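Structural description and commentary
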Amino acid sequence: AQRVTQPEKLLSVFKGAPVELKCNYSYSGSPELFWYVQYSRQRLQLLLRHISRESIKGFTADLNKGETSFHLKKPFAQEEDSAMYYCALWGGGGNKLTFGTGTQLKVEL
Amino acid sequence: DGGITQSPKYLFRKEGQNVTLSCEQNLNHDAMYWYRQDPGQGLRLIYYSQIVNDFQKGDIAEGYSVSREKKESFPLTVTSAQKNPTAFYLCASKERENTGELFFGEGSRLTVL
């Protein structure tokens, strides 16, 4: 069974500090990994996917198959980054997206 | 304005009553999903449908039912058999080809009194 683990419920950093949101997964096949973000009073939306290998709003994430990780990183946190972040895995024959429990990022001034 | 519309936003029900949450999309997406969002538990999949007149159970389907009679609509019924129905419910859709990118509605908050 596929599983996504986000070990931190809450991550608090100061503005300008580096950010790393952790995500580990278990999956027997070749996974597709995603990060979704939910800003206050907005709907959940896709932030980035590992396939595109792009940087969105300064965030990047590298898929490490050896460590089965897909950590989200940003070198300098901004106040507007404060949100709930979910790591998600797409895989298996069921055509479904499995989410982690989420990490609340709080950027303090 | 294209997107996914969930209604109602807030709903209260008494124990023992069934309630139906509406989800409509005009994105012409084939697949639709229902998730339940609880604090500390993330999003858990209730039911999903890849095509009209077909749907599959997710990880926590007990106490819920769905139908998919039209491409645009995927209503979720929370039955009295659901032990802990108070939660935030999210509907989503996606194009069949575009794996993993789901478009979400604004959600419906159900409170059982």
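Summarised in this report is the structure supplied together with it. Numbers given to residues run from 1 along each chain, matching the order in which its sequence is written. Chain letters and ligand numbers both follow the written order, the letters beginning at A and the numbers at 1. With the structure being a predicted model, the display of local features is reserved for residues of pLDDT at least 70 and the display and counting of side-chain atom pairs for 80 or more, all residues being used for whole-chain, interface and lining totals. With hydrogens and water set aside, each side-chain value is computed from the structure's full complement of heavy atoms.

Regarding the sheet that holds strand β7 (residues 64-66) of chain B
All names here are of chain B. Spatially, 4 strands are ordered β1-β3-β8-β7 in an open sheet, and the strand pairing comes out antiparallel. Edge positions in the open sheet fall to β1 (4-7) and β7, since each of these has one partner strand only. Neighbour-to-neighbour, the strand axes of the sheet open up by a mean angle of 20°, direction not taken into account. Any two strands with at least two DSSP bridges between them are considered paired. Numbered from the N terminus, helices here are DSSP runs of H or I no shorter than four residues, and strands are runs of E no shorter than two. In terms of strand pairing, β1 meets strand β3 (residues 19-25) through 4 bridges, oriented antiparallel. Within β3, the position partnered with Q6 by the bridge is C23. Axes, fitted as lines to C-alpha atoms, cover a helix only where it is in contact. Angles between the N-to-C directions of the axes lie from 0 to 180 degrees.

Quick look at the interface of chain A and chain B
Residue contacts are defined here by distance: any two heavy atoms, one from each residue, within 4.5 Å place the two residues in contact. Taken together, the 18 residues of chain A in the interface contact 21 residues of chain B. Buried area: the accessible area, evaluated with a 1.4 Å probe, that two parts lose upon being put together, summed over both parts. Both sides of the chain A and chain B interface together cover about 1800 Å² of buried area, and 49% of this is carbon and sulfur. Counted as salt bridges are all cases of a side-chain nitrogen of Lys or Arg within 4 Å of a carboxyl oxygen of Asp or Glu. Across the chain A-chain B interface, the total number found is 3 salt bridges. We define a polar contact as two N or O atoms separated by no more than 3.5 Å, with the added condition that, inside protein, one atom must be a possible hydrogen donor and the other a possible acceptor, whereas residues neighbouring each other in sequence contribute only through side-chain atom pairs. Viewed at the interface, chain B and chain A are joined by 8 residue pairs in polar contact (both at pLDDT 80 or more). Listed by contribution, the elements that provide at least two residues to the side of chain A that touches chain B are β5 (32-38), β6 (45-49), β9 (83-91) and β10 (96-99) of chain A. Considering each element in turn, the side of chain A that touches chain B owes the most residues, 4 residues, to β5(A). In this count, Pro and Cys sit with the nonpolar residues alongside Ala, Val, Leu, Ile, Met, Phe, Trp and Tyr, while Asp, Glu, Lys and Arg are called charged and the others, Gly among them, polar. Its residues assigned to classes, the side of chain A that touches chain B shows 8 nonpolar, 5 polar and 5 charged.

A word on the nonpolar core
Definition of nonpolar core: a set of buried residues of the types Ala, Val, Leu, Ile, Met, Phe, Trp, Tyr and Cys, connected through side-chain atoms within 4.5 Å. Three labels apply to residues, based on accessible area from a 1.4 Å probe with only protein chains included: buried if under 20% of the type maximum, exposed if over 50%, partly exposed otherwise in between. In terms of nonpolar packing, the biggest core is built from 24 residues, with A:W35, A:L47, A:L48, A:F70, A:L72 and A:Y85 touching the most fellow members. Within the residue set of this core, elements represented by two or more residues are β2 (10-14), β3 (19-21), β5, β6, β9 and β11 (103-108) of chain A.

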